Amino acid sequence: GIKPSKTIKTTSEETMGRRSGSGLTRCGAAGPSGSGLDRVTLRGDKKRCLSIHIPRGDAASARYLAREIFEYETYAAQGLEVTKGDTVVDVGANIGLFSIWASDLGARVLAFEPQQDAYQALVKNCGGRDVVARRVAIGRDPGEALITSYRGASGWGTLKPSKRSVMGDVAEHAAARPLPSLVELLLPRWARRQVGRLAAMALLSRESTSVCRVATLSAELAELLGEGDRVKLLKIDVERGELDVLRGIHDFSRIDSVVAEVHDDEGGGVAEFVSVLESNGLRPREPSQSKELLGTSLYTIFATRDN
């Protein structure tokens, strides 16, 4: 099982038992939550509403993540086999929506998120669940690094900022997102791309930087897991830092499967990511894109270990 640690507070905010009530309310509602957070209700799985905490002004980012995980079932569509008692690792946990998804399947979750506001929301959202949350970035080498965050778009927080990459991806996302036929007629794809670029520029102008702790995943797992414990699923979503996460893993043998969002706009990221997985005994499937990400540089890669 997960080992106790002096650096993890054993309180309801940081070491969580099985889930409590979700506080379901009308989907779409939003309001202040205190402590620099807002509270919003999002549509979750099985058409239920999830009442969650988000960084102030982050509703659009949270709704996008909820669509990806619960409506489009991006992870469920990969055929992931997560069952009660499995250990799932969530690198780049953000506000915890993937951790909630894995927890609902009965998994124990280790969640890593370096941004302060997103981490606070993660802790609140996963209260009452079997989730251990740690405020740390996962990378290639231990130490400290400068993280760039964006008010209103916490999902873009990264150790490797690239405005060009973000603007290009948001433009293609705006063009690809399904809309009612009349709206598509009045607002053609080229116009939606331009709207996406302008929206990205506005959000990118709200950037701030701070220093965060960086650890390797191998070091964190050695501290948190018992000898012989396996990781059923490693999820990675770290905005152009995904290769560094892999390079900080010194022993892949305890990891059964990996699912990752990989950027392919900075010099062949997908090919190199796949190569690292293959060289460590994991078999990747063909990279795929959700319908909202067609045309962007973002791909989902799922890999499993051959028995």
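Structure: above.
Rules behind the numbers
Residues numbered from 1 in each chain as written. Predicted model: local features only at pLDDT ≥ 70, side-chain atom pairs only at ≥ 80, totals over all residues. Heavy atoms only, no water. Helix = DSSP H or I, 4+ residues; strand = E, 2+ residues; numbered from the N terminus. Expected span 1.5 Å × (residues − 1). Buried < 20%, exposed > 50% of the residue type's maximum accessible area, 1.4 Å probe, protein only. Contact = heavy atoms within 4.5 Å. Axes fitted to C-alpha atoms, helices over the stretch in contact; angles between N-to-C directions. Parallel < 35°, antiparallel > 145°, perpendicular 65-115°, else oblique. Left-handed = near helix turned anticlockwise from the far one by under 90°. Phe/Tyr/Trp six-rings, centres within 6.5 Å; stacked < 30°, edge-to-face > 60°.

## Topic: helix α4 (residues 163-176)
In an α-helix, one turn spans 3.6 residues; hence positions three or four apart end up facing the same way.
So, step 1. With 14 residues, α4 extends 20 Å between its outermost C-alpha atoms, agreeing within 8% with the 20 Å of an ideal straight helix rising 1.5 Å per residue.
So, step 2. Those residues of α4 not exposed but buried are Ser 165, Val 166, Asp 169, Val 170, Ala 171, Glu 172, His 173, Ala 175 and Ala 176.
So, step 3. Its buried side turned inward, α4 meets α1 (59-71), α6 (189-204), β11 (257-263) and β13 (298-305).

## Thoughts on the packing of α4 against α6
So, step 1. Two elements in contact, α4 and α6, have axes whose closest approach is 7 Å; the angle formed by their N-to-C orientations is 140 degrees. In terms of orientation, α4 and α6 fall into the oblique class. The chirality of how α4 crosses α6 is right-handed. Together, Lys 163, Val 166, Met 167, Val 170, Ala 171, Glu 172, Ala 174, Ala 175 and Ala 176 of α4 and Arg 189, Arg 192, Arg 193, Gly 196, Arg 197, Ala 200, Met 201 and Leu 204 of α6 make up the contact between the two elements.

## Re the packing of aromatic side chains
So, step 1. One pass over the full model with this rule turns up four aromatic pairs.
So, step 2. With a centroid separation of 6.1 Å and an interplanar angle of 40 degrees, the aromatic rings of Tyr 75 and Trp 101 are classed as tilted. Highlighted residues: Tyr 75 in the loop between α1 and β4 (87-91) and Trp 101 in helix α2 (residues 97-104), separated in sequence by 26 residues.
So, step 3. Exposure remark for Tyr 75: the relative accessible area of 8% places this residue in the buried category.
So, step 4. Given a relative accessible area of 10%, Trp 101 falls into the buried group.
So, step 5. Their ring planes at 35 degrees and their centres at 5.4 Å tell us that Phe 98 and Trp 101 sit as a pair that is tilted. With Phe 98 and Trp 101 both in helix α2 and three residues apart, the pair spans about one turn of that helix. Summarising the burial analysis for this pair, Phe 98 and Trp 101 share the class buried.
So, step 6. Taken together through their ring pairs, the aromatic side chains of Tyr 75, Phe 98 and Trp 101 make up a single cluster.

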